[in-house]
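The primary structure of each chain is shown beneath.
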Amino acid sequence: MPALTSRRDERPNVTFVNRSVETDALTSSQSDPVVPLRHPVRLAIAIVLVIVAAGVAWDVAMNRGYRWDVVAQYVFAPRIISGAALTVGLTIVAMAIGIVFGTILAIMRLSANPIFRVIAGAYVWFFRGTPVLVQLIFWYNIAALYPVIVLGLPFGGPGIVIGSANVLIAPITAALLGLSLNEAAYMAEIIRSGIGAVDRGQYDAARALGMNGRLLMSRIVLPQAMRVVIPPTGNEIISMLKGTSLVSVLAISDLLYSAQIIYAANYQIIPLLIVASLWYLAMTSVLSFFQGKLERRYGRGFDVRTSRSRRWPLRKAS
Amino acid sequence: MATQKGIMNTAMVQAIGVRKQFGSTEILKGIDLTVERGSVTCLIGPSGSGKTTFLRCINHLEKVSAGRLYVDQELVGYEERNGLLHEKKEKDTARARMSAGMVFQRFNLFPHMTVLENIIEAPTRVAGRPKRDVIPEAQKLLERVGLGDRGMAYPQELSGGQQQRIAIARALAMKPKLMLFDEPTSALDPELVGEVLEVMQALAETGMTMVVVTHELGFARQVGDHVVFMDAGVVVESGSPDDVFNSPQHARTQAFLSKVL
Ligand SMILES: Nc1ncnc2c1ncn2[C@@H]1O[C@H](COP(=O)(O)OP(=O)(O)OP(=O)(O)O)[C@@H](O)[C@H]1O
Ligand SMILES: [Mg+2]
């Protein structure tokens with residue numbers, strides 16, 4: 001019972017109409033023996049799949065062409081390890097820039113100002129609509145278009161020369177530009193849908209408490225958007241990790257390019273591709289693990305109801 | 001003019017010809033209303049009559065299209081300079097909102113925060129007060145609404161009635177001069193309505209100024225000092241609960257009451 005000090009005790013006690021309460025229909029306490037439904041076709045298909053999988057595994061293990069001995073020899077080769085490290089580095093930096101820039105783009109797309117909306121929309125349209133491989137090669141060759149990079153006013157205004165594009169846009173810069181600007185477009189869409197999923201009532205409640213602008217976004221909207229944003233972002237990081245292999249066309253010694261360098265010398269193409277794949281697999285598995293953890297962290301306060309309602313039909317009436 | 005000024009000095013909310021348009025449709029068509037300090041005003045009326053819109057105007061959640069709305073003698077949303085009305089800056093509006101607490105039909109607790117975090121969020125982040133002062137106050141508020149032991153729970157773990165009581169505590173944590181309630185019990189299961197109304201009645205007994213949009217006529221009759229009947233964007237009739245409920249003057253009020261009573 002709420003205990004507030006009463007200054008108007010002379011008022012009569014409030015009596016409120018008690019409407020009828022619906023009774024719970026699930027009161028059966030019987031548990032009769034039950035014969036579960038059988039699925040013969042499903043079982044047959046499962047058996048066939050097991051046989052096929054075993055056959056493939058057997059072949060992979062026994063076919064000498066895979067050269068597992070070469071795989072073992074190179075899997076921890078210094079060149080491969082440093083390639084994997086560069087792949088991880090590229091992924092982290094490109095993703096970080098992509099997320100920050102994507103958040104800004106998402107907020108611009110939701111802005112009340114139509115100019116912001118149009119600019120952000122055009123950006124997303126352009127970068128999602130062109131292949132990232134083309135973008136990478138474009139950045140790599142930007143020097144052909146702008147031999148000198150100048151910081152200054154547009155339309156031929158005055159400016160400061162920063163340096164030669166050939167020097168500034170090293171392959172690694174081109175790679176980071178290409179990957180992160182492209183990623184920003186995808187992240188913008190993901191974050192926008194996350195923000196869109198936050199109930200309007202949350203804005204009202206936060207505003208009514210005096211929150212606005214940055215505080216409203218950072219404390220109320222974005223944390224709730226996270227729940228919707230994290231699963232697809234996890235997928236983005238995983239595709240980014242694999243997508244960095246595209247930078248091998250710019251002769252950057254990432255994981256794939258390192259493997260290519262080795263097989264260019266010894267012609268062990270398949271084993272070295274297996275080595276690279278093993279590393280990609282290992283790294284994406286680690287990412288998936290953390291993705292699951294993050295999802296649970298940001299699902300806090302949301303999944304209580306759902307996990308309960310998921311449980312109740314399974315619970316035996318007792 | 002002197003009497004006008006006199007009214008404004010005592011009234012917590014003063015609406016003079018308040019109009020609100022969404023696009024080309026006018027939802028509020030000139031609302032005149034005075035809410036005295038320490039009084040409980042219940043807004044009743046059919047669905048779509050503009051009760052929510054008016055309440056949101058009081059709290060600056062909607063911009064007034066025309067007319068004047070004063071809350072605690074301050075003009076809502078505008079500043080008067082050199083005889084012209086200037087739109088207030090976002091920041092000033094946000095600050096002005098702190099003087100009124102608002103409770104929503106659908107609670108709108110922050111689902112990603114615990115009950116205690118919900119309550120201390122605005123006092124610490126908006127008012128910038130230290131946690132060590134705010135937490136004991138929050139605990140007292142929780143006890144006031146009968147939920148002293150649920151501070152660590154997440155909103156979704158609570159019943160609707162409990163959530164609404166937390167929402168009331170959250171609004172009170174900003175020490176508002178005025179509390180606005182928008183149908184606080186209409187999203188609740190019938191058996192949970194009473195616990196929320198009891199908290200509201202107890203709050204009224206502390207002398208809090210309250211504007212309550214409600215369909216609970218029992219509450220309006222017994223806790224309200226003033227009942228305002230709105231229909232189609234205008235105040236049709238207002239007066240003491242006795243007057244409005246027992247001898248309504250207007251046909252529209254009579255028709256509405258005969259339907260809901
Ligand atoms: N943001 C908006 N844009 C356009 N129309 C709106 C908006 N908000 C409210 N309205 C319209 O204004 C009218 C009045 O709405 P309001 O919510 O104020 O009524 P109400 O009296 O609170 O009704 P209820 O009892 O159903 O809550 C409705 O017809 C609604 O469709
Ligand atoms: Mg309403």
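The sections below set out a description of the structure shown in this document. None of the values given here were measured: they were computed from a predicted structure. (Residues numbered from 1 in each chain as written. Chains lettered and ligands numbered in written order. Predicted model: local features only at pLDDT ≥ 70, side-chain atom pairs only at ≥ 80, totals over all residues. Heavy atoms only, no water.)

### Let's talk about the site of ligand 1
All names here are of chain B.
Part 1 of the argument: The immediate surroundings of ligand 1 are formed by F22, I27, P46, S47, G48, S49, G50, K51, T52, T53, E183 and H215.
Part 2 of the argument: Within the side chain of K51, an N or O atom sits 2.8 Å from an oxygen atom of ligand 1.
Part 3 of the argument: Here an oxygen atom of ligand 1 sits 2.6 Å away from a polar atom, N or O, in the side chain of T52.
Part 4 of the argument: Isolated, ligand 1 exposes 630 Å² of accessible area, and the fraction of that covered by the protein chains is 58%. (Near = heavy atom within 4 Å. Polar contact = N/O pair within 3.5 Å; in protein donor to acceptor, adjacent residues only side chain to side chain. Areas by Shrake-Rupley, 256 points an atom, 1.4 Å probe, with all protein chains shown as cover.)

### Looking at the sheet that holds strand β5 (residues 74–75) of chain B
Residues and elements named next belong to chain B.
Part 1 of the argument: Taken together, four strands build an open sheet; the order of strands is β2-β1-β4-β5 and the sheet is antiparallel. Unpaired on one side and paired on the other, β2 (25–36) and β5 mark the two borders of the sheet.
Part 2 of the argument: Sitting on the sheet, helix α2 (residues 51–58) is in contact with β1 (11–22), β2 and β4 (66–71), with an inclination near 60 degrees to β2. (Pairing = 2+ DSSP bridges. Helix = DSSP H or I, 4+ residues; strand = E, 2+ residues; numbered from the N terminus. Contact = heavy atoms within 4.5 Å. Axes fitted to C-alpha atoms, helices over the stretch in contact; angles between N-to-C directions.)

### Observations concerning the sheet that holds strand β9 (residues 178–182) of chain B
Residue and element names in this part refer to chain B.
Part 1 of the argument: Spatial strand order, β8-β9-β10-β3-β11-β12: six strands in an open sheet with mixed pairing. With partners counted over all chains shown, the strands left at the sheet margins are β8 (100–103) and β12 (234–239), one partner each. When strand polarity is set aside, the average angle formed by the axes of neighbouring strands in this sheet is 20 degrees.
Part 2 of the argument: Bridge analysis of strand β3 (residues 40–44) against strand β11 (residues 226–231) gives four bridges, and the strand direction is parallel. Within β11, the position partnered with L43 by the bridge is V228.
Part 3 of the argument: On top of the sheet, helix α6 (residues 160–172) reaches β8 and β9; it is set at about 170 degrees to β8, its chief contact.

### Remarks on helix α4 (residues 115–125) of chain B
Part 1 of the argument: For α4 of chain B, the tally of buried residues reaches nine of eleven residues, placing the bulk of the element in the interior.
Part 2 of the argument: Packing partners of the buried residues in α4 of chain B comprise α10 (213–243) of chain A together with α5 (131–144) and α6 of chain B. (Buried < 20%, exposed > 50% of the residue type's maximum accessible area, 1.4 Å probe, protein only.)

### Considering a nonpolar patch on the surface
Part 1 of the argument: A surface patch of nonpolar side chains, amounting to about 300 Å² of accessible area, comprises V88, I92, V93 and I97 of chain A.
Part 2 of the argument: Given a relative accessible area of 55%, I92 of chain A falls into the exposed group. (Patch = residues over 30% accessible without salt bridge, like charges linked within 9 Å, V, L, I, M, F, W, Y side chains within 5 Å. Salt bridge = Lys/Arg side-chain N within 4 Å of Asp/Glu carboxyl O.)

Read these as geometric descriptors, not functional statements.
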